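Here is what each chain is made of, one letter per residue.
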Amino acid sequence: TLRRNAKEFEALEVEIPLLEAKKAELETAMSSGTLSNDELLAKSERIAKVIEEIDEKTMRWLELSELA
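These remarks concern the structure in this document. None of these values were measured; they are calculated from a predicted model. (Residues numbered from 1 in each chain as written. Predicted model: local features only at pLDDT ≥ 70, side-chain atom pairs only at ≥ 80, totals over all residues. Heavy atoms only, no water.)

A look at helix H2 (residues 37-67)
- The first and last C-alpha atoms of H2 sit 45 Å apart over 31 residues, in line with the 45 Å expected at 1.5 Å per residue.
- Turning to H2, the residues buried within the fold contact helix H1 (2-30). (Helix = DSSP H or I, 4+ residues; strand = E, 2+ residues; numbered from the N terminus. Expected span 1.5 Å × (residues − 1). Contact = heavy atoms within 4.5 Å.)

If you want it as C-alpha cells, here you go:
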C-alpha cells in the first residue's frame, strides 16, 4: 500500500501542474474575445471540469502527503 500511495503521489505531482496549465490555456482562450458563443460555452464547461479535477487531485495529494 505504501508503494502504491507513493506512485499515486508522484503521478499527482505531474497531473496537477498539467491541469493547471490547461486551466490557464482555457482562461486565455476565453478572455481572447475571439470565440463564438458556442465555443465560449464549450470552454466554460471544460474549465469547470478541469477546476473540479484540480480540486479533487489536490485534496488527494494532501491526503497522501499527510501519510508520508
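Quick notes on H1
- The terminal C-alpha atoms of H1, which comprises 29 residues, lie 41 Å apart, in line with the 42 Å expected from a rise of 1.5 Å per residue.
- Among all positions in H1, only Asn5, Leu12, Ile16, Leu19 and Leu26 are buried.
- Taken together, the buried residues of H1 touch H2. (Buried < 20%, exposed > 50% of the residue type's maximum accessible area, 1.4 Å probe, protein only.)

Structural notes on the pattern of salt bridges
- Following the criterion strictly, the structure yields five salt bridges and no others.
- The closest approach of N and O atoms between Glu27 and Lys23, which form a salt bridge, is 3.9 Å. Taken together, the residues Glu27 and Lys23, both in helix H1 and four residues apart, mark about one turn of the helix.
- For Glu63, the salt bridge identified is with Arg60, shortest N-O distance 3.1 Å. (Salt bridge = Lys/Arg side-chain N within 4 Å of Asp/Glu carboxyl O.)

A few points about the packing of aromatic side chains
- Scanning the entire structure with this criterion turns up one aromatic pair.
- A ring pair is formed by Phe9 and Trp61, whose centres lie 5.3 Å apart and whose planes are at 20°; its orientation type is stacked. Taken together, the residues span a long stretch of sequence, with Phe9 in helix H1 and Trp61 in helix H2 at a distance of 52 residues. (Phe/Tyr/Trp six-rings, centres within 6.5 Å; stacked < 30°, edge-to-face > 60°.)

Here we look at a negative patch on the surface
- A cluster of like negative charges, contributed by Glu20, Glu52, Asp55 and Glu56, occupies part of the molecular surface.
- If you tally residues by element for the negative patch, the top one is H2, at three residues.
- Residue placement: Glu56 occurs in helix H2.
- Residue class for Glu56 comes out partly exposed when judged on its relative accessible area of 49%. (Patch = residues over 30% accessible without salt bridge, like charges linked within 9 Å, V, L, I, M, F, W, Y side chains within 5 Å. Areas by Shrake-Rupley, 256 points an atom, 1.4 Å probe, with all protein chains shown as cover. Lys, Arg positive; Asp, Glu negative; His and termini not counted. Charge placed at Lys NZ, Arg CZ, Asp CG, Glu CD.)

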